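Working through the structure, step by step
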Amino acid sequence: MQHDLNLKPFNTFGIAAKALYFSTFTDTQQLPGLLSAYPNLPLLILGGGSNVLFTEDFQGMVLRNEIKGIEKVAEDEAFVYVKSGAGEIWHEFVLYCIAQHWAGLENLSLIPGSVGASPMQNIGAYGVEIKDVFHELSAYHIATGEIHQFNNQQCQFGYRESIFKRALKNQYIIIDVTFKLNKQANLKTSYGAIQQELEKSNINKPSIQDISNAVIAIRQSKLPDPKVLGNAGSFFKNPVVSLELFETIKAKYPEVSFYPVSETEVKLAAGWLIEKAGLKGLKVGPCGVHEKQALVLVNYGGSTGQQILDLSTQIIEQIQQLFGLTLEREVNIIPTHESIL
Ligand code: FAD
Ligand code: EPU
């Protein structure tokens, strides 16, 4: 167990917060011992640290999941069932599956982080969410030490949501995830940018490898590489609003960017809202709003988490005033502030 460890290498925002205690684990059997070390201190399970913002030193124990291993556990005519340890790197797992010709994860290429965190917010990109390919997961129940299985329905997946962020928050450590992948590719190319990227390369009959390459190219063109510029991807969720509010906004801004959700609701592109508010490229001290993608907040170097949190509050207030809606943060704020706007 390490003491007063600087977490800067362990979060993609590059925030130099300290953990009072820190340890990695590679096997579930280590958990009872580790968890009994400081039972009264706050606990944080960390994967790749690509969806967290530390606003102060963490006065508790950080356990970093490094459980490895990828295994085909079953197959039938149409599907393979592939289990991955929670500590595998997501993008490496995706590339491994593509190399085996197992289809379904290609649109989710290059998302940072670990396999174990992927169900937490039901990661999604370019028309696919993990709920579309998720079979089940195993999780260690912190209170009892039992291993429980959760199927797709039990995870209660939603847009950037699962039961592990809501009713079961902080109660489980995800240890492995099993995906149901297709032997025959069922390509999802409806996302406009993927089509354009394939056309650019003159690809008419794309393979899953081609889709993966296209997604990687799109992502590299607009999302900052955390190794170069600290960030945690989209800082806010795209807000889902009533048709009524949508019509009001559209009357004023006919070019508003949106995705239809249902007959009564519409999802607005938060990046568009932030850009329209004149905040794209805004710099406040060492942090700011990314110049190419307004939904991404960045650390230009030396920012504290609090400075980024304050910037996000400023954005929420300005969007509220201009459009009459409240943006919700997607990134996990650590420690959890129940009282922040
Ligand atoms: P962490 O940041 O380490 O943890 C996130 C949360 O999950 C924390 O609350 C943590 O306590 C909890 N957690 C982590 N592992 C476990 C576990 N094993 N058991 C229990 N709890 C756990 N997300 C998308 O959905 N789509 C995108 O397109 C996307 N693009 C991104 C692009 C960039 C450049 C970046 C930096 C991030 C992006 N993200 C995206 C966000 C991020 O990659 C995902 O949320 C990812 O799943 C986080 O994985 P992680 O291992 O880094 O999680
Ligand atoms: N837009 C702007 N200005 C901007 C940014 C975006 O006008 O500065 C407009 C774009 O022109 C486009 C629309 O907003 O019309 C959507 O933009 P984009 O395709 O870049 O996607 P997004 O809605 O900003 C979401 C996810 C991403 C995911 C992409 C691709 C959320 C919160 N974000 O971003 O996920 O990779 O779609 O599917 O849903 C993440 O969660 O961290 C993340 C990066």
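Residues numbered from 1 in each chain as written. Chains lettered and ligands numbered in written order. Predicted model: local features only at pLDDT ≥ 70, side-chain atom pairs only at ≥ 80, totals over all residues. Heavy atoms only, no water.

1. Some thoughts on the overall build of the protein
Convention followed: Labels follow the DSSP assignment, with helices taken as runs of H or I lasting at least four residues and strands as runs of E lasting at least two, numbered in each case from the N terminus. Our radius of gyration looks at C-alpha atoms and nothing else; its globule reference is 2.2 Å times the residue count to the power 0.38. Accessibility here uses a 1.4 Å probe with only protein chains present; expressed as a share of the type maximum, an area under 20% marks a residue as buried, one over 50% as exposed, and anything in between as partly exposed. A contact between two residues is defined here by any heavy atoms of the two lying within 4.5 Å. Using a 1.4 Å probe, accessible areas were evaluated by the Shrake-Rupley method; residue-level cover was limited to the displayed protein chains. Charge convention: Lys and Arg are scored as positive, Asp and Glu as negative, and His as well as the terminal groups of each chain are ignored. Note that the charge is assigned to NZ on lysines, CZ on arginines, CG on aspartates and CD on glutamates.
When you go through the protein residue by residue, the secondary structure sums to seven helices and 20 strands. By the compact-globule yardstick of 20 Å for 341 residues, the protein fits well, its C-alpha radius of gyration being 20 Å. Overall, the protein is about 60 × 50 × 35 Å in size when its C-alpha atoms are taken along their principal axes. The proportion of buried residues among the 341 residues of the protein is 48%. Across the protein, every contact between residues at least 6 apart in sequence was considered, and the portion connecting residues at least 24 apart equals 59%. Summing over all exposed atoms, the protein offers an accessible surface of approximately 16,100 Å²; the carbon and sulfur share of this is 48%. Once the 28 positive and 34 negative side-chain charges of the protein are each reduced to a mean point, those two points are 5 Å apart.

2. Examining the nonpolar core
Generally speaking, soluble globular proteins have nonpolar side chains that are buried together. As a reminder of what qualifies: Here, nonpolar core refers to any group of buried Ala, Val, Leu, Ile, Met, Phe, Trp, Tyr and Cys residues whose side-chain atoms link them within 4.5 Å. Start and end positions for the domains come from either an automated domain assignment or a database one.
One finds I274, I315 and L327 to be the most contacted residues of the largest nonpolar core, which totals 48 residues. At seven residues, helix α7 (residues 305-323) tops the list of elements feeding residues into this core. Of the residues that make up this core, three or more belong to each of domain 1 (2-65) and domain 3 (230-331). For I315, the residues in contact, after removing those within four places along its chain, are F236, I274, L279, V289, L297 and L327. Among the nonpolar cores identified, the runner-up in size contains 40 residues, and W90, L105, V115 and L198 belong to it.

3. Description of the site of ligand 1
This is how it is decided: A single heavy atom is enough: if one lies within 4 Å of a molecule or strand, its residue is considered near that molecule or strand. In protein, a polar contact requires one atom able to donate a hydrogen and another able to accept it; more generally it is a pair of N or O atoms within 3.5 Å, and residues adjacent in sequence count only if both atoms are side-chain atoms.
Within the structure, ligand 1 sits among 32 residues, and I45, G47, S50, S114 and R219 are positioned closest to it. Measuring from a nitrogen atom of ligand 1, one finds a side-chain N or O atom of R219 at 2.7 Å. In isolation ligand 1 exposes 980 Å². Once the protein is present, 93% of that is buried. Where the shell around ligand 1 is concerned, the elements lending two or more residues are β3 (43-46), β8 (124-125), β12 (172-182) and β13 (230-234).

4. Some words on the pattern of salt bridges
Applicable threshold: For this document, the term salt bridge refers to a Lys or Arg side-chain nitrogen within 4 Å of an Asp or Glu carboxyl oxygen.
By the definition in use, this model includes 13 salt bridges. Two residues, R166 and E161, come together in a salt bridge whose shortest N-O distance is 2.6 Å. By relative accessible area, which is 52% here, R166 ends up exposed. Judged by its relative accessible area of 12%, E161 falls in the buried class. Between E197 and K200 there is a salt bridge; the shortest N-O distance is 3.4 Å. Separated by three residues within a single helix, E197 and K200 lie in helix α3 (residues 192-200), roughly one turn from each other.

5. Here's the deal with the pairing of strand β16 (residues 265-268)
Worth spelling out the cut-off: At least two bridges found by DSSP between two strands is the condition for calling them paired.
With three bridges joining them, strand β14 (residues 240-242) and β16 adopt antiparallel strand pairing. Across the sheet, S242 pairs through a bridge with E265, a residue of β16. With three bridges connecting them, strand β15 (residues 258-260) and β16 associate as antiparallel partners. Bridge assignment links Y259 to a residue of β16, and that residue is K267. Between β15 and the antiparallel strand that follows it, β16, lie four residues.

6. Comments concerning the domain arrangement of the protein
Under the convention used in this document: As used here, buried area is the combined drop in accessible area, with a 1.4 Å probe, of two parts when they are placed together. Under this grouping Gly is polar, as are all residues other than the nonpolar Ala, Val, Leu, Ile, Met, Phe, Trp, Tyr, Cys and Pro and the charged Asp, Glu, Lys and Arg.
With domains assigned, the protein is organised as domain 1 (2-65), domain 2 (70-182) and domain 3 (230-331). Centre-to-centre separation of domain 2 and domain 3, based on C-alpha positions: 28 Å. Listed as interface residues are six residues of domain 2 and, on the opposing side, five residues of domain 3. Overall, the association of domain 2 and domain 3 removes approximately 480 Å² of surface from exposure, summing both partners, and the carbon and sulfur fraction of that is 36%. It is Q121, Y159 and R160 in domain 2 that bury the most area against domain 3; as a group they hold 78% of the surface buried on that side. In this structure, the connection of domain 2 to domain 3 is made through four residue pairs in polar contact (both at pLDDT 80 or more). Here the residues of the side of domain 2 that touches domain 3 are counted per class, giving one nonpolar, one polar and four charged.

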